[in-house]
Amino acid sequence: MKITINQQVFEVSERSSLQSIISEKLGGNTKGMAIAVNDNVIAKEAHPSYLLQPNDSIIIIQATQGG
């Protein structure tokens, strides 16, 4: 199935969890990140059980320090 991550289209397995995609694409490191699926922020503790659907749009935002 196709999903979009930060405006890039990816082909992933059916029944993929948000956690599996994060691990695959980001190495699993979500420290300082906010992740939203279809404009809804998904709590970090829900990532393993959150199943992605075809055409889901994932936005990953990395917090940065600076001024």
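Residues numbered from 1 in each chain as written. Predicted model: local features only at pLDDT ≥ 70, side-chain atom pairs only at ≥ 80, totals over all residues. Heavy atoms only, no water.

Caption draft 1: Structural context of the pairing of strand β1 (residues 2–5). The alternating pattern of β1 places Ile-3 and Ile-5 on a buried face, while none of Lys-2 and Thr-4, on the opposite face, is buried. Two strands pair when backbone bridges link them, and β1 and strand β2 (residues 8–11) are joined in this way by 4 bridges, in the antiparallel orientation. In the strand pairing of β2, Ile-3 is matched with Phe-10. Hairpin geometry of β1 and β2 is characterised by an intervening segment of 2 residues between the two adjacent antiparallel strands and by a positive phi of about 45 degrees at Asn-6. Where β1 lies against strand β5 (residues 57–62), 2 bridges are found, and the strand directions are parallel. Directly across from Thr-4, in β5, lies its bridge partner Ser-57. (Buried < 20%, exposed > 50% of the residue type's maximum accessible area, 1.4 Å probe, protein only. Helix = DSSP H or I, 4+ residues; strand = E, 2+ residues; numbered from the N terminus. Pairing = 2+ DSSP bridges.)

Caption draft 2: Fine view of the environment of Glu-11. Within the secondary structure, Glu-11 is located in strand β2. By relative accessible area, Glu-11 is classed as exposed at 53%. Separated by 10 residues in sequence, Glu-11 and Ile-21 place their C-alpha atoms 11 Å apart. Once you skip the residues sitting within four places of it in the chain, Glu-11 turns out to touch Met-1 and Lys-2. Only 2.8 Å separates the side chain of Glu-11 from the backbone nitrogen of Met-1, close enough to count as a polar contact. (Contact = heavy atoms within 4.5 Å. Polar contact = N/O pair within 3.5 Å; in protein donor to acceptor, adjacent residues only side chain to side chain.)

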